[in-house]
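Residue-level structure breakdown
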Amino acid sequence: MEHRPPPPAHPASRLGPLLLMVRLLGIARTLARHDALTPLEDLGVAPGVIWIARLVSRSRADGRPGQKLARALTELGPSFIKFGQFLSTRADLLGEVMAADLSELQDSLPPFASAAARATIEAELGQPIDTLFASFEDAPVSAASIAQVHYAVTNPAQGSQAVGPEVAVKVLRPGVERAFARDLALFYSLADLAERAQPKLRRFKPVEVVRLFEATVAIEMDLRMEAAAASELADNFVGDTSYRVPLVDWQRSSRRVLTASRVTGIRLDDRDALLAAGQDLGAVLTKAAVIFFKQVFRDGFFHGDQHPGNMAVDREGNIVAVDFGIMGRLDRKTRCFLADMLLATLARDYRRLAEVHVEAGYLAPGQPLDTFAQALRSVCEPIFGRSLNQISFARLLAQLLQLTESFDMPVQPQLLLLQKNMLMAEGVSRRLDPTLNIWTLAQPLIEDWMRENRGPEARLRDMAEEIGGALERLPRTLADIEQAAAGLAGGGLKLHPESLKGFAPEGNGPRWHLHALWLALAALAALVIFS
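Everything quoted here is computed from the prediction, not taken from an experiment.

The rules behind each value
- Residues numbered from 1 in each chain as written.
- Predicted model: local features only at pLDDT ≥ 70, side-chain atom pairs only at ≥ 80, totals over all residues.
- Heavy atoms only, no water.
- Helix = DSSP H or I, 4+ residues; strand = E, 2+ residues; numbered from the N terminus.
- Buried < 20%, exposed > 50% of the residue type's maximum accessible area, 1.4 Å probe, protein only.
- Salt bridge = Lys/Arg side-chain N within 4 Å of Asp/Glu carboxyl O.
- Phe/Tyr/Trp six-rings, centres within 6.5 Å; stacked < 30°, edge-to-face > 60°.
- Patch = residues over 30% accessible without salt bridge, like charges linked within 9 Å, V, L, I, M, F, W, Y side chains within 5 Å.
- Areas by Shrake-Rupley, 256 points an atom, 1.4 Å probe, with all protein chains shown as cover.
- Core = buried A, V, L, I, M, F, W, Y, C linked by side-chain atoms within 4.5 Å.
- Contact = heavy atoms within 4.5 Å.
- pLDDT = per-residue confidence, 0-100.
- Pairing = 2+ DSSP bridges.
- Axes fitted to C-alpha atoms, helices over the stretch in contact; angles between N-to-C directions.
- Left-handed = near helix turned anticlockwise from the far one by under 90°.
- Nonpolar A, V, L, I, M, F, W, Y, C, P; charged D, E, K, R; others polar.
- Parallel < 35°, antiparallel > 145°, perpendicular 65-115°, else oblique.

**Let's talk about the overall build of the protein chain**
Counting secondary structure elements, the protein chain contains 25 helices and eleven strands. Per-residue burial for the protein chain yields a buried fraction of 47% across its 531 residues.

**Considering the pattern of salt bridges**
According to the stated counting rule, one finds 27 salt bridges in the structure shown. Residues Asp35 and Lys68 are paired through a salt bridge, measuring 2.9 Å at the closest nitrogen-oxygen approach. Here Asp35 is found in the loop between helix H1 (17-33) and helix H2 (38-43), whereas its partner Lys68 is found in helix H4 (residues 65-76), with 33 residues between them in sequence. The two residues Asp35 and Lys68 agree in class, both being buried. Across the pair Asp269 and Arg267 runs a salt bridge whose closest N-O atoms are separated by 3.1 Å. On the basis of relative accessible area, Asp269 is assigned to the buried category, the value being 19%. When salt bridges with common partners are traced through the structure, they connect Arg351, Arg352, Glu355, Glu359 and Asp370 into a single cluster.

**A few points about the packing of aromatic side chains**
Under the criterion given, the structure shown has eleven aromatic pairs. Here Phe80 and Phe187 contribute two aromatic rings whose centre-to-centre distance is 5.2 Å and whose plane-to-plane angle is 85°, an arrangement assigned as edge-to-face. Placement of the pair is Phe80 in helix H5 (residues 78-87) and Phe187 in helix H10 (residues 176-197), with a sequence separation of 107 residues. Comparing Phe80 with Phe187 shows no difference in burial state: the two are buried. Both rings, one in Phe293 and one in Phe297, keep their centres 5.6 Å apart while their planes meet at 25°; by these two values the pair is stacked.

**Re a nonpolar patch on the surface**
A cluster of nonpolar residues, Leu18, Leu19 and Val22, forms a patch on the protein surface that exposes about 320 Å² of accessible area. Structurally, Leu19 can be placed in helix H1. Among the residues examined, Leu19 registers a relative accessible area of 46% and is labelled partly exposed.

**What about the nonpolar core?**
For soluble globular proteins, the rule of thumb is that nonpolar side chains tend to be buried together. With 68 residues, the main nonpolar core has Leu102, Phe213, Leu233, Tyr243, Ile319 and Phe324 as its most contacted residues. Setting aside its immediate chain neighbours within four residues, Tyr243 contacts Leu233, Phe237, Ile291, Gln295, His303, Met311, Ile319 and Ala321.

**Digging into the confidence of the model for the protein chain**
Here the protein chain averages 79 in pLDDT, while 76% of its residues score no lower than 70. Below pLDDT 50 for its whole length, residues 1-11 participates in 19 contacts with residues either more than four positions away or in separate chains.

**Looking at the sheet that holds strand S5 (residues 243-244)**
On the basis of which strands lie adjacent, the open sheet formed by four strands has the order S5-S10-S9-S7 and mixed pairing. At either margin of the open sheet sits one strand with a lone partner, and together these are S5 and strand S7 (266-267). Across three bridges, strand S9 (residues 311-313) lies against strand S10 (residues 319-321) in antiparallel orientation. Directly across from Val313, in S10, lies its bridge partner Ile319. Contacting S5, S9 and S10, helix H14 (residues 281-299) crosses the sheet at an angle of about 50° to S10.

**Brief notes about unusual backbone geometry**
The phi angle at Asp323 is positive, at roughly 65°, despite the residue not being glycine. With respect to the helices and strands, Asp323 occurs in the loop between S10 and strand S11 (327-329). Here Arg348, not a glycine, exhibits a phi torsion of approximately 55°, which is positive. Note that Arg348 resides in the loop between helix H15 (332-346) and helix H16 (350-359). The class for Arg348 is partly exposed, based on a relative accessible area of 40%.

**As for the environment of Leu132**
Topologically, Leu132 is positioned in helix H9 (residues 129-132). Each C-alpha atom of the pair Leu132 and Ile121 lies 9.3 Å from the other, and the pair is eleven residues apart in sequence.

**Here's the deal with the packing of H15 against helix H22 (residues 443-454)**
Between two packed helices, what matters for the description is the angle formed by their axes and the separation of those axes. H22 packs onto H15 with a crossing angle of 115° between their chain directions and a minimal axis gap of 11 Å. Classified by chirality, the crossing of H22 by H15 is left-handed. Here Arg332, Arg335, Cys336, Ala339, Asp340, Leu342 and Leu343 of H15 lie close against H22, whose contacting residues are Ile446, Trp449, Met450, Asn453 and Arg454. Looking at the contact of H15 with H22, its residues break down into seven nonpolar, one polar and four charged.

**Topic: the side chain of Thr120**
Inspection of the secondary structure puts Thr120 in helix H8 (residues 114-125). Residues contacting Thr120, with those up to four places away along its chain left out, are Val171, Arg256 and Val257.

**Let's talk about the packing of H16 against helix H17 (residues 369-380)**
H17 packs onto H16 with a crossing angle of 115° between their chain directions and a minimal axis gap of 8 Å. Classified by the interaxial angle, the pair formed by H16 and H17 is roughly perpendicular. Handedness of the H16/H17 crossing: right-handed. Within the contact between the two elements, H16 uses Tyr350, Arg351, Leu353, Ala354, Glu355, His357 and Val358 and H17 uses Leu369, Asp370, Phe372, Ala373, Leu376, Arg377 and Cys380. A breakdown of the residues in the contact of H16 with H17 according to their chemical character gives nine nonpolar, one polar and four charged.

Here's what the structure looks like:
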């Protein structure tokens, strides 16, 4: 499953009605300047505010609604940029085109003063900059909504041999936590308003969406969590030189500062630069596909923001990754579901594909299986007969997830994040070589994984593990049954008189009801043992 922190200890605050109206009017004016009021109009939230904003600004801008909205969110600031990027994973809410447009949001802001970065480092690490680093570059390498990155060289007297002297230092923006807390109160208030004003939006659970966004941002703003994610990802690829993850300098890292080994390379989507450097684009894409497969299927732990700015190619043609604030997790059950779904899709067995959704618990009880299989056919059948380079498996997954609305299926956040990253990977692949489909490059690995995890031997192994677990629970189960029987014998279990009538035999016949009770207890034991 996708990693999530525990919910906040205290309920998130909301804005008062007057302050909410003032802030909503300011947002609407910004949206109007970019001709991006359509999403609010479609939601039917605060129509009076939207009408006023249209009167104040009658701008007309080029582009699709999603592109206009992306420009408006950029002007509104860091929290809105992050929220837009978060919503880009929710094609089920916004539609595929708008979600794709929002995924292009660039999390890039003007840098904050280097003096503030130095002050944060010294306050967090408790030592002067000159003690921690032999040199520290004041000009940041990059600046985003939550943090910015500076290059530095560690002090030889306190250097980390494993990390090396050349490091990248990520520093949280001053006041960013307070700013996000203020905007989160606004988002929660708008979610409440949307649920009240438009009951049809309740199935999308806007408050839950904001709560999940809050949890995601909370992880990103604790750089210790990012450091731990980078460390885990590096451990997963120990001995695999095709994928490089910066090593964490734990002595120079804290909640607001993250120091890691410096890595460099050519952006993964820079085709001309890669060719000029003599890189084999086919080999690069093969490595990228295999790495993605290993993260998703082998480890169930994948980089959740694999846009080209976070991926590079080093001199040896290996993939280099940075920025581990957003990570995805898939438990084994979900990975098996994906494998079974792929097998059924390739076999064009839509009834089986529908059954897989039932087995995974994604299709709500009472939904017609045959109708759902028909809907799956309508989505999958158009891909067959087309060349592989024309097929987008990320878009196919997105369309499958969009069936949630028609069949009242619960949203699967981990699959939405996976779909977003598949879409990014396909985009990079097509820019480098339009004739290739990146997923076919890892096909042998996928087939091997499915044989090992979904074949007959794997199913026997799973059954043996389940039986072993049941046997481990057996002494406890028998003890529970014995305790329940003792309770019955001693009158410790009280039944309502009406219930007792159902067990009472007519006349003085045999006490068959006691046998019925023991049969019920035996059935209960079997359920516990083999569940």
